[in-house]
Amino acid sequence: MDRDGGESVEQRPNSCSFDLPSVLVQLDDRTATAQREAVRTIRENVEEQPRVCLPAVPKLRALLAQPSLECHDTVAYCLAELAAESPVDVAPSADEIVTFVDDDPPAAVTADLLRCLESIATARPAALVDHTEVIATNLESDDPGVRGVAATTLGRVGLETDATLEGVYERLAELAADDPNREVRVRARRACELISR
């Protein structure tokens, strides 16, 4: 209420700042402009309202399969944020995410999608068992953030599943000993410990 007894125009902190049904319709639209606008809207809201944005996961996943879409970086960021909020809801997207990573997207996209896979590995490591080879290729990335996240993801998959990681273990051990980045060494060492259990 304002001083005159009228309703305040301030938005409530927990209110939804966008119309999710409209955004979902835009994501289904076949025009790239509408899809980009919907992705931008999700990006603007995903950090503060990730739970509200979760229903968009299947449609965001479908956008990864559209090579002409010019906002894969934003899609990847949104998926990573949503996976951090609820890895179980994003786990069914693992196959499409790994396929996209395997196509060697730009580094920023790879980093966010690997963050997504890292979150999935915390709750549904079995969803990644068939994808350890692709994830392991990122241990060779020039980006230490990508190497570190790939190591952590492989460690969690190795701990919780029957994935075969013999060759991967040796590479992780090398990174643990020799990687120039301290964080990568720490993550690789931890991954080796998890796989060895």
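Here is what the cut-offs are and how they apply
- Residues numbered from 1 in each chain as written.
- Predicted model: local features only at pLDDT ≥ 70, side-chain atom pairs only at ≥ 80, totals over all residues.
- Heavy atoms only, no water.
- Helix = DSSP H or I, 4+ residues; strand = E, 2+ residues; numbered from the N terminus.
- Buried < 20%, exposed > 50% of the residue type's maximum accessible area, 1.4 Å probe, protein only.
- Contact = heavy atoms within 4.5 Å.
- Salt bridge = Lys/Arg side-chain N within 4 Å of Asp/Glu carboxyl O.
- Disulfide = S-S within 2.5 Å.

Undergrad: Outline the environment of Glu160, supporting the account with residue identities and numerical values.
TA: Tracing the backbone shows Glu160 in helix α10 (residues 144–160). In this structure the C-alpha to C-alpha distance between Glu160 and Ala126, which are 34 residues apart in sequence, comes to 7.6 Å.

Undergrad: Help me get a handle on the side chain of Asn138, residues and values and all.
TA: You can see Asn138 is positioned in the loop between α9 (132–137) and α10. Of the residues examined, Asn138 reaches a relative accessible area of 11% and is grouped as buried. Those residues in contact with Asn138 that lie beyond four places of it in its chain are Val101, Thr110, Leu114, Val146, Arg147 and Ala150.

Undergrad: Please give an account of the pattern of salt bridges that cites residues and values.
TA: A complete count under the given rule lists 13 salt bridges for this structure. The closest approach of N and O atoms between Arg171 and Glu174, which form a salt bridge, is 2.9 Å. Residue Arg171 and its partner Glu174 are located together in helix α11 (residues 166–178), separated by three residues, close to a single helical turn.

Undergrad: Which residues make up the state of the cysteines, and what values do they have?
TA: Under the criterion given, the structure shown has zero disulfides. Free of any disulfide, Cys71 has its nearest neighbouring cysteine sulfur in Cys78, separated by 8.8 Å.

Undergrad: How would you sum up unusual backbone geometry? Please name residues and give values.
TA: The backbone of Asp104 sits at a positive phi, close to 60°, despite the residue not being glycine. With respect to the helices, strands and loops of the structure, Asp104 is situated in the loop between α7 (94–102) and α8 (107–123). Judged by its relative accessible area of 66%, Asp104 falls in the exposed class.

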